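Here's the letter readout for the chains.
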Amino acid sequence: MTSEIFETTHLQKKTVEAETVLIEFDNNKPDLIKHLTTVHNKNVLVMHKKNERHLVSGWIQLGIKGNYEDSGNPDSLYNALMEVQKGKFWISRRDSEEFFQNAGTKLAELKQSMKVNFEVNKLSKKELKVLREIGNSQGKPLKEVAEALFISEYTLRNHLTSIYKLLKLANRIELYIFYQKHEALIMELYPTEA
């Protein structure tokens, strides 16, 4: 009796997940880029049309590794894919300059808002109320501003002297301009009490 031995090799199915993803930008799926870069942590290369170039800076903030403006040159696309696959960036000089210019502007705005927050944070709650009232007074006499705050004109002058010193302002006009310039930020950081 002959016995045959069959060797069975178990083939294990191995799934290889791509680390680099090439997508053609689709206006109907704007969240796809964010999803791929943040949720799946992929190296994303976005292929886009020339008229979508204004979106590149936002894509860089979302974490793309590269962008390719569809020019029909397959060698250029291949080079972009190879660099992004290595984890390197493939972003044109023009787009990276625009990104850093926008980032610089946003950084300057952030620094300004931090400075305003720091300065306004020195004010007491009463001084903050005075700041708001002066900012919204549109040139009313101090007597009317004091009445609106239910304080004496003398107390109002004391608060104003303190505010000028803390905010490094010289007078009521500078205070009014300061408030008008930063009103949105002040209202966001220090909402009025109901």
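Owing to the predicted nature of the structure, the values given are computational and were not obtained by experimental measurement. (Residues numbered from 1 in each chain as written. Predicted model: local features only at pLDDT ≥ 70, side-chain atom pairs only at ≥ 80, totals over all residues. Heavy atoms only, no water.)

Engineer: Help me understand the sheet that holds strand β2 (residues 43-48), please; the structure alone is not making it clear to me.
Structural biologist: Sheet strands line up and pair through hydrogen bonds in the backbone, either parallel or antiparallel. With respect to topology, 3 strands assemble into an open sheet ordered β1-β2-β3, the strand pairing being parallel. Both outer strands of the open sheet, β1 (20-24) and β3 (66-69), are each paired with one neighbouring strand and no more. This sheet shows a mean twist of 20° between the axes of neighbouring strands, independent of strand direction. Judged from the 5 bridges that link them, β1 and β2 form a sheet pairing that is parallel. (Pairing = 2+ DSSP bridges. Helix = DSSP H or I, 4+ residues; strand = E, 2+ residues; numbered from the N terminus. Axes fitted to C-alpha atoms, helices over the stretch in contact; angles between N-to-C directions.)

Engineer: Looking at this structure, how should I read the pairing of β2?
Structural biologist: For a regular strand, the rule is simple: side chains alternate between the two faces of the sheet. Within β2, 6 of the 6 residues are buried, which leaves the element mostly enclosed by the surrounding structure. Judged by which residues are buried, β2 turns out to be covered on both faces: Asn-43, Leu-45 and Met-47 on one side and Val-44, Val-46 and His-48 on the other are all buried. Handedness of the crossover joining β1 and β2 through helix α1 (residues 32-39): right-handed. The pairing of β2 with β3 spans 4 bridges and is classified as parallel. Looking at β3, one finds that Val-46 is bridged to Asn-67. On the question of chirality, the crossover connecting β2 to the parallel β3 by way of helix α2 (residues 56-62) is right-handed. (Buried < 20%, exposed > 50% of the residue type's maximum accessible area, 1.4 Å probe, protein only. Right-handed = clockwise from strand over helix to strand, strands pointing away.)

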